[in-house]
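Spelled out, the chains give:
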Amino acid sequence: MKQIRITETVLRDAQQSLIATRMPFGDFEDILSEMDKAGYYSVECWGGATFDSCLRYLGEDPWERLRKIRAAMPNTRLQMLLRGQNLLGYKHYHDDVVEKFVELSIKNGIDVIRIFDALNDFRNIQTALEATKKYANERTVASGCISYTQSPVHTVEKYVQMCKELKAMGFDTICLKDMAGTMSPYEAETLIKGIKDGVGDIPLILHTHCTTGMAYMTITKAIEAGVDVIDCASSALSNGTSQPATETMFYALQQYGIDCGLKEDVINKVNDHFKPLKQKYIDSGLLNPKSMGTDSQALVYKVPGGMLSNMIANLKDMNALDKFDEALLEIPNVRKDLGYPPLVTPLSQMVGNQAVVNVLMGERYKQISNEIKNYFKGEYGIAPAPVSKELEAKILGEGGQPTDCRIEDAKRTGEDFQKAKEALGDLARSEEDLMSYICFPDQAKKFLEERKAKEENVCTYTIEEA
Ligand code: CO
């Protein structure tokens, strides 16, 4: 029997997409031991925005959360999403920081590390891959991830070439990450067939979102074309900007005679747990009904939904909503000038904002954002296609050359750890604390100060009682 496995995203991407990653540990603690029996390929539970949100909004130590999930789910592969050299943010870290982060992630319980780079510049995922291999145990899986996008240069051949590179680098699996949900059923079919034919034997994963309404069709075609793993979310937190529903896909796959290894009664129990939570999130306003619907605009304009709402907000702020159509037409031009970067954060915002500025100023690139300047200086890595030489000369000066971001990243001086130690003093009690500070200094420091204050309060109380 053909096998397709399912990754459950409810603890990471589903809640990140629908409720801005605000699910506290207490909301899912009681269901973890049940989830452990479901038979998922993996449970995505960490990385992305969960780390920042734990520190910033939930008053939780992200490492402790991971250890608790690990303890409650000994039989399930735990998965995280890692932005390569950016770790969980948008700036490049030094190689020693990246290596330590991966080491600690595995040590605290992560099995599957899904690693991507916004530009698909695979030099930016090399260090994270090497660290994963270095600290791997028998359960560790290094998954190389491609940011999927559509452009004149993003052909099936280009994607096949990228997959070959990832395989040659030593990744165990390959994931296609369609963050905007714009991969059509036809594209999924041709792409996955192309990869299966051209790259050969390596497990292929499809990650998509229901945002535009195509995900179920896209996944069905992907399955027919030979995909091995699909990402789904427990139905209470599925659809809309999240993933397709786990139970629905289970049912459909069964009819095909495809075994996905899930236990029906268990996945139904998991959903029963999240159903009342969904209602709670709706009642509190955390879950906006808008994110549960279908947004086909992204298909019309060929840009992610979030990028459109961002542009509309910017234009409204400047009292220039009448320029919206013009700004939309400018997006493909800016994108071409930048060498067709995938429209993923932060590039989607950078392209959108520059398009708005170009239109409002009545002259293209009269004003250029610092982010775009840094992009041309080479800080993000290498663009998928050649950038506009004219714009490059304007930013770097005649004959100016972009610098190689890898030269700066490769430094292993320990300075980031030293700075963290100095800034935290006795607030830091572990390498994990230092790492939290290196990733999110302000949020981590605040969290660690509160942790200390709480303990001191508890301490005083105990003494008085005695
Ligand atoms: Co996603």
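Since the structure is predicted, the reported quantities are computational estimates derived from the model, not experimental observations.

Enquirer: Before we go on, may I ask you to explain the coordination of the cobalt ion in this structure?
Expert: Put simply, a metal with four donors set out as a tetrahedron has ideal angles of 109.5 degrees, and one with six donors set out as an octahedron has ideal angles of 90 or 180 degrees. Within the first shell, the cobalt ion binds the protein through Asp 13 (OD), His 207 (NE2) and His 209 (NE2), at distances of 2.1 Å. Read from N- to C-terminus, the donor residues coordinating the cobalt ion fall into the pattern D-x193-H-x1-H. Here Asp 13, found in helix α1 (residues 10-19), pairs with His 209, found in the loop between β7 (204-208) and α10 (215-225); they are 196 residues apart in sequence, far enough to count as distant. Like Asp 13, the residue His 209 is buried in the burial classification.

Enquirer: Any chance you could explain helix α15 (residues 305-317) here in plain terms?
Expert: Each full turn of the α-helix corresponds to 3.6 residues, which orients residues three or four apart in the same direction. Between the first and last C-alpha of α15 there are 19 Å, a value that for 13 residues agrees with the 18 Å anticipated at 1.5 Å per step. Contacts from the buried residues of α15 go to α14 (297-301), α16 (324-337) and α17 (347-360).

Enquirer: I keep staring at unusual backbone geometry and nothing clicks. Help me out?
Expert: Excluding glycine, a negative phi dihedral is what most residues carry, and trans is how most peptide bonds are arranged. Pro 346 follows Thr 345 through a cis peptide bond whose omega is 0°. The residue Leu 87 is not glycine, and still its phi comes out positive at about 55°. With respect to the secondary-structure elements, Leu 87 resides in the loop between β3 (78-82) and α6 (95-108). Judged by its relative accessible area of 0%, Leu 87 is buried.

Enquirer: Mind showing me how you'd approach helix α11 (residues 246-255) here?
Expert: Listed in full, the buried residues belonging to α11 are Thr 246, Glu 247, Met 249, Phe 250 and Leu 253. Buried residues of α11, viewed axially, fall in a sector of 160°; they line one side. Among the exposed residues of α11, those pointing more than 90 degrees away from its buried face are Tyr 251 and Gln 255. Those residues of α11 that are buried lie in contact with β1 (5-8), α10, β8 (229-232) and α12 (264-284). Immediately downstream of α11, the backbone of Gly 257 shows phi near 75°, a positive value.

Enquirer: I tried to follow the side chain of Thr 50 on my own but got confused; where do I start?
Expert: Among the secondary structure elements, Thr 50 is positioned in helix α4 (residues 50-58). For Thr 50, a relative accessible area of 2% gives the class buried. Those residues in contact with Thr 50 that sit more than four places away from it in its chain are Leu 11, Arg 12, Gln 15, Thr 21 and Cys 45.

Enquirer: How do you make sense of the pairing of β3 when you look at a structure like this?
Expert: The side chains of a regular strand alternate, residue by residue, between the two faces of the sheet. Across the five residues that make up β3, a large majority, five, are buried. Neither face of β3 is exposed, since Leu 78, Met 80 and Leu 82 on one face and Gln 79 and Leu 81 on the opposite face are all buried. Once the chain exits β3 it traverses α6 before rejoining the sheet at strand β4 (residues 112-115), and the crossover so formed is right-handed.

Enquirer: I'm lost on the packing of helix α21 (residues 415-424) against helix α22 (residues 431-439) in this one. Help?
Expert: Pairs of packed helices are described in terms of their axes, by the angle between the two and the distance that separates them. Between α21 and α22, whose axes approach to 9 Å, the crossing angle comes to 100°. Comparing their axes, α22 and α21 come out roughly perpendicular. Contact residues: Asp 416, Phe 417, Ala 420, Lys 421, Ala 423 and Leu 424 in α21; Asp 433, Leu 434, Met 435, Tyr 437 and Ile 438 in α22. Taken together, the residues of the contact of α21 with α22 sort by class into eight nonpolar, no polar and three charged.

Enquirer: Can you help me understand the environment of Ile 31 in this one?
Expert: Here Ile 31 shows up in the loop between α2 (25-28) and α3 (32-35). A relative accessible area of 7% means that Ile 31 is categorised as buried. Taking the C-alpha atoms as reference points, Ile 31 and Asn 120, separated by 89 residues in sequence, lie 36 Å from one another. What Ile 31 contacts, discounting residues up to four positions off in sequence, is Lys 269, Val 270, His 273 and Phe 274.

Enquirer: Before we go on, may I ask you to explain the nonpolar core in this structure?
Expert: Burial of nonpolar side chains together is a common tendency in soluble globular proteins. Ranked by internal contacts, the top residues of the largest apolar core, which has 100 residues, are Met 35, Leu 82, Phe 101 and Phe 274. Not counting the four nearest positions on each side in its chain, Leu 82 is found in contact with Leu 87, Leu 88, Phe 101, Val 102, Ile 113, Arg 114, Ile 115, Phe 116 and Ala 128. Residues Leu 119, Phe 324, Val 334 and Ala 383 belong to the second largest nonpolar core, which totals 33 residues.

Enquirer: Would you mind showing me how to read the packing of aromatic side chains here?
Expert: Any two aromatic rings considered together are summarised by their centre-to-centre distance and by the angle between their planes. Applying the stated rule across the entire model yields twelve aromatic pairs. Ring geometry for Tyr 301 and Phe 324: centres 6.2 Å apart, planes at 80°, overall edge-to-face. With Tyr 301 in helix α14 and Phe 324 in helix α16, this residue pair connects regions lying 23 residues apart in the sequence. Taking 5.8 Å as the distance between ring centres and 70° as the angle between the ring planes, the aromatic pair formed by Tyr 375 and Phe 376 counts as edge-to-face. As far as the burial class goes, Tyr 375 and Phe 376 line up, both buried. Ring pairs connect the aromatic residues Trp 46, Phe 51, Trp 63, Phe 101 and Phe 440, which therefore count as one cluster. The residue whose ring lies beneath Arg 22 is Tyr 57, and the NZ or CZ to ring-centre distance is 3.6 Å. Positioned above the aromatic ring of Tyr 41, the side-chain terminus of Arg 77 is 4.7 Å from the ring centre.

About the criteria used
Residues numbered from 1 in each chain as written. Predicted model: local features only at pLDDT ≥ 70, side-chain atom pairs only at ≥ 80, totals over all residues. Heavy atoms only, no water. Donors = N, O, S within 2.8 Å, 3.2 Å for Na, K, Ca; no water. Helix = DSSP H or I, 4+ residues; strand = E, 2+ residues; numbered from the N terminus. Buried < 20%, exposed > 50% of the residue type's maximum accessible area, 1.4 Å probe, protein only. Expected span 1.5 Å × (residues − 1). Contact = heavy atoms within 4.5 Å. Arc of directions from axis to C-beta. Right-handed = clockwise from strand over helix to strand, strands pointing away. Axes fitted to C-alpha atoms, helices over the stretch in contact; angles between N-to-C directions. Parallel < 35°, antiparallel > 145°, perpendicular 65-115°, else oblique. Nonpolar A, V, L, I, M, F, W, Y, C, P; charged D, E, K, R; others polar. Core = buried A, V, L, I, M, F, W, Y, C linked by side-chain atoms within 4.5 Å. Phe/Tyr/Trp six-rings, centres within 6.5 Å; stacked < 30°, edge-to-face > 60°. Lys NZ or Arg CZ within 6 Å of the ring centre and 35° of its normal.

Worth remembering: the numbers are spatial, not functional.
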